[in-house]
Amino acid sequence: MRFFPGAVLAALSLGAASTAAFSSNNKIISSRSSASLKSPVARVRGTISTTALSSSMSTDPAIAELYKRKSRPEYIPGRIDDPDYVRIFDTTLRDGEQSPGATLTSSEKLEIARNLAKLGVDIIEAGFPIASPDDFAGVKQIADVVGNEVFEDGYVPVIAGLSRANEKDIARAWDAVKGAIRPRIHTFIATSEIHMRSKLNKTPDEVVAIAVNAVKYAKSLGCDDIEFSPEDAGRSDPEFLYRILAETIDAGATTLNIPDTTGWNMPWEFGELIKKLRENVRGAENVIFSTHCQNDLGLATANSLSGALNGARQLECTINGIGERAGNASLEEIVMALALKGDEQFVGGPGTGKLFTAINPVYITPTSKMVAEYTGMKCQPHKAIVGANAFQHESGIHQDGMIKDKSTYEIMTPESIGLMRGESQSGAGIVLGKHSGRNAVGTRLRELGYDLDLDKLNAVFARFKEVAEKKKGGLDDDDLESLVSDQSGSMNELWKVTGLQATTGLSGIPTATVKLMGPDGVERYVSSTGTGPVDAVYKAIDQIIGVEVTLESYAMNSVNEGIEALASTRVVVVPTMDGPNDSAVMDAQTSQLREKKFSGSGSDTDIITSSARAYVSALNKLLTWKMRRMANGADQTGAKDAVAVDGEAPLVVGAN
């Protein structure tokens, strides 16, 4: 298993203030000495790879301490022996991927899951297995691989699969995750009046029966770690929640997740709901209460922390806060809030009120960048913790304070989350240009938080040399990051742009000749006309590859200023319904079939070439996904396993 190699991390000082996660002597520390997680050898399936976070990455004790894994209580479903410990449940690969355009390939999901394990999340929700054969295969791969990679401290993440409250969904989820050392089934059904009446067309009694039967069935399969979620709990009648949650506890649920599905609640409302549930649900002392907060009003992180204040000991979140509509609670925000304030602002719930997690913050930046590159969803510059401006200071007053003492305007260091501050160009007077070597480029990328294996580094370096030959004055950090984005789809590269020429003008017809090299190593070229040069290029590419897609979005940005600026293009394509590359999958929210979307990025100093590279990147993702889908069997949509009960309409109990 690969690990982030670790750049030379310099100033870690946070000034005079010390916190639960950071000490005043410049080291990230653990605020607990809980027992290390023990590996349940009796349940090991196949060979377990013992994975060590190499504290020998550097002889510098401060750096070794930075990468040292945090201790955590032994994992037991439904119980945490340290009442101050908060489990982190990451749903980037399930709820996060439901963001429009955030399509991930199986190999990309596996890489993200491995980074989440380095980060130290307690539970990885790997997907919605019933959605399609490809989703099932992706979840199963993560369970079989990441769910069996044990770290030297005994840590291995729980791998969860989402299912609606019916036997077919649950059986499919169990088949996908049961290969993990610690598998979990997460099942759910809506409980708010509007959902039960308008969506499910079920009475409260029927909903309770469905929920109980779902949990019992999951337990009958041999799963001893079962999470139940009452969808739209934030708008549900508390008295009904007391009833249905008590019944599911009796049926065998070990974690009760309370979703604010529409982002409706205020922090004080949601915290009070968690408190009331813990006080009034029969058997509440035998389960873990969890939160799942959407960000429709921008309160997802605040609501999650309010839940923790009132006794929730599992918080569900995503990297960069991606997810349905306005997104989810942001993992990095929750984790750093608890790291910095967990020992002083959470008194009143169970335990001592000194809350902590076992997350290794130094992996936040690499994981954030990986998710942003693979999904094509960039963070806004002012995004807390991981935004490009999070550690930038432009005001003269602020700059003066930073020069004198960095803690005047920073409550954490960028180094603590895996981002090297350093001087521009690696802090060593290095200007990255056409004469720069692989080591210089790799060093700067590590400092920027990118965890690239050798093959990816070689691909980025090859593109770097191509661009550096054309761009005078060298490449800056924004250029480098654009090249990483450009190469993020190279693992799915079936077709490659090898030649392009386009003509346009006020009086002529835009014409483009495109040459592509296919998976067979043969170059093919086609000329085409269009309404503009980019349209002509895309029509030529369609003819060569033989696809029928709709270009849903096209965006181009200048990476930096000047006539020689690098252009970065991002496109989203949707296969034509019933066309040769039809990609219908089941939507987790509506149980209806929808066309899957595929995004691609490209960059070049030439805007037409940048556009062509982005388009081919998206088509490569589509074709790779289609090939895997066909290899996984004849069921092309997942509809074979859709929920039809006794001839009724499908139980639509969408994701939390």
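Provided above is the structure to which this section pertains.
Reading guide: rules and limits
- All residue numbers refer to position in the chain's written sequence, counted from 1.
- Thresholds applied to this predicted model are a pLDDT of at least 70 for local features of residues and 80 or more for the giving and counting of side-chain atom pairs; totals over whole chains, interfaces and linings are not thresholded and use all residues.
- The side-chain quantities take in all heavy atoms of the structure and omit both hydrogens and water.
- Comment: elements are numbered from the N terminus, with helices defined as DSSP H or I runs of at least four residues and strands as E runs of at least two.
- Here a helix's expected span is defined as the number of its residues, less one, multiplied by 1.5 Å.
- Under the scheme applied here, a residue whose accessible area is under 20% of the maximum for its type counts as buried, over 50% as exposed, and between as partly exposed, the area being computed with a 1.4 Å probe on protein chains only.
- Every residue pair with non-hydrogen atoms within 4.5 Å of one another is taken to be in contact.
- Salt-bridge detection follows one rule: a side-chain nitrogen of Lys or Arg within 4 Å of a carboxyl oxygen of Asp or Glu.
- In this description, strands pair whenever DSSP reports at least two bridges between them.
- As a rule, the C-alpha atoms of each element are fitted with a line to give its axis, helices using only the stretch in contact, and angles between N-to-C directions run from 0 to 180 degrees.
- Only buried Ala, Val, Leu, Ile, Met, Phe, Trp, Tyr and Cys residues count toward a nonpolar core, and they belong to the same one when joined by side-chain atoms within 4.5 Å.

A.B. asks: Would you explain helix 6 (residues 204–220) in this entry?
C.D. replies: Count 3.6 residues to each turn of an α-helix, and residues three or four apart come out pointing the same way. For helix 6, spanning 17 residues, the distance from its first C-alpha to its last is 24 Å, which sits close to the expected 24 Å at 1.5 Å a residue. For helix 6, every residue scored as buried is listed here: V207, V208, I210, A211, V212, A214, V215 and A218. Looking at the buried side of helix 6, the elements it contacts are helix 4 (167–177), strand 6 (183–190), helix 5 (193–200), strand 7 (226–231) and helix 7 (238–251). One or two positions beyond helix 6, positive phi appears at G222, with a value near 105°.

A.B. asks: Any chance you could explain the pattern of salt bridges here in plain terms?
C.D. replies: For side chains bearing opposite charge, pairing can occur when the charged atoms are close. By the definition in use, this model includes 30 salt bridges. The partner of E149 in a salt bridge is R114, and the shortest N-O contact between them spans 2.6 Å. A residue pair is termed long-range when its members are at least 10 positions apart, and E149 in strand 4 (residues 149–151) and R114 in helix 2 (residues 106–119) qualify at 35 residues. Given the relative accessible area of 22%, R114 is considered partly exposed. Residues E344 and K341 are paired through a salt bridge, measuring 3.2 Å at the closest nitrogen-oxygen approach.

A.B. asks: I keep staring at the sheet that holds strand 13 (residues 523–529) and nothing clicks. Help me out?
C.D. replies: Pairing between the strands of a sheet comes from backbone hydrogen bonds, and it takes one of two forms, parallel or antiparallel. Here three strands make up an open sheet; going across it, the order is 11-12-13 and the pairing antiparallel. On the outer flanks of this sheet lie strand 11 (496–503) and strand 13, each paired with one strand and no other. The mean inter-strand angle of the sheet, taken between neighbouring strand axes irrespective of direction, is 15°. Summarising the sheet, strand 12 (residues 511–517) and strand 13 pair through seven bridges and their orientation is antiparallel. Within strand 13, the residue paired with T511 across the bridge is T529. Running at roughly 140° to strand 11, helix 17 (residues 607–631) makes contact with strand 11 and strand 12 of the sheet.

A.B. asks: Would you mind going over unusual backbone geometry with me for this structure?
C.D. replies: A negative phi holds for most residues other than glycine; trans holds for most peptide bonds. Unusually for a residue other than glycine, D232 sits at a positive phi of about 65°. Mapped onto the fold, D232 is located in the loop between strand 7 and helix 7. A residue is classified by how much of its surface remains accessible, and D232, at 0% relative accessible area, is buried. For N320, which is not a glycine, the phi torsion comes out positive at approximately 65°. Relative accessible area serves as the criterion here: at 10%, N320 is assigned to the buried category.

A.B. asks: Help me understand the sheet that holds strand 5 (residues 158–164), please; the structure alone is not making it clear to me.
C.D. replies: The eight strands lie next to each other as 2-3-5-6-7-8-9-10, forming a closed barrel whose pairing is parallel. Each strand of the sheet is rotated relative to its neighbour by a mean of 25°, with strand direction disregarded. Here strand 7 pairs with strand 8 (residues 255–260) via two bridges, running parallel. Bridged to F228 within strand 8 is L256. Strand contacts of helix 7: strand 7 and strand 8, with the helix running at about 165° to strand 7, the strand carrying the most contacts.

A.B. asks: What is the right way to read the nonpolar core from this model?
C.D. replies: One recurring pattern in soluble globular proteins is that nonpolar side chains are buried together. Judged by nonpolar contacts, the single largest core of 95 residues is most densely connected at L119, V121, F228, L245, I258 and L277. The residues touching I258, leaving out its near neighbours within four places in the chain, are P230, A233, L245, F270, L273, I274, L277, F289, S290, T291 and H292. Formed by 28 residues, the second largest nonpolar core is a distinct cluster that contains I544, V616, L619 and L622.

Just distances and angles here, no functional claims.
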